[in-house]
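Inside the fold
The chain contents come next:
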Amino acid sequence: MRLVQNRIEKSEKEWKKVLTPEQYHVLRQKGTERPFSGKLYYNKEKGLYTCAACGQELFSSNTKFESGSGWPSFYDVISSDRVRLQEDTSYSMNRIEVVCSSCGSHLGHVFEDGPAPTGKRYCINSVSLGFKKEE
Ligand code: FE
């Protein structure tokens, strides 16, 4: 593992060692978990959602909302530098992929049909997230 300017770089072999097979598939191979399957979809506790791969804090429970999509949904990021947005044209769709800015792992996608005040819907795989409950 290398730490380069707050970025975590690991080889795929190293990621495989520290992630579960499902996490590895979603985070490192840009997979998608089955909707309504993730344990954080229904989570209503107050706290911070982190990257399951590297631990960077990404989303606050204050911005989580019920989207009905089956995936944890947020209308904002803790700060814009926590994620990188990149074009994703896979499956003949035009989507914006959301990846962790620290380790490059796949988190989900962001859509423009979210609620006020941002109008964004960060649609994030539960398996890509950890949760730190507010003390
Ligand atoms: Fe990360």
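Residues numbered from 1 in each chain as written. Predicted model: local features only at pLDDT ≥ 70, side-chain atom pairs only at ≥ 80, totals over all residues. Heavy atoms only, no water.

Once that is clear, we can look at the sheet that holds strand E11 (residues 129–133). Pairing within the open sheet is antiparallel, and its three strands lie in the order E4-E3-E11. Each edge of the open sheet carries a strand with a single partner, namely strand E4 (57–60) and E11. Averaged over neighbouring strand pairs, the angle between their axes works out to 35° when direction is ignored. Taken together, the five bridges between strand E3 (residues 47–51) and E11 define a ladder with antiparallel strand orientation. Paired with Cys-51 across the strands is Leu-129, a residue of E11. (Pairing = 2+ DSSP bridges. Helix = DSSP H or I, 4+ residues; strand = E, 2+ residues; numbered from the N terminus. Axes fitted to C-alpha atoms, helices over the stretch in contact; angles between N-to-C directions.)

Our next topic: the environment of Ser-61. With respect to the helices and strands, the residue Ser-61 is situated in the loop between E4 and strand E5 (64–65). Those residues in contact with Ser-61 that lie beyond four places of it in its chain are Glu-45, Lys-46, Gly-47 and Tyr-49. (Contact = heavy atoms within 4.5 Å.)

On to helix H2 (residues 21–29). Within the sequence span of H2, burial applies to Gln-23, Tyr-24, Val-26 and Leu-27. Among the structural elements, helix H1 (12–18) and strand E9 (106–111) are those in contact with the buried residues of H2. Positioned one or two residues after H2, Lys-30 has a phi angle of 60°, which is positive. (Buried < 20%, exposed > 50% of the residue type's maximum accessible area, 1.4 Å probe, protein only.)

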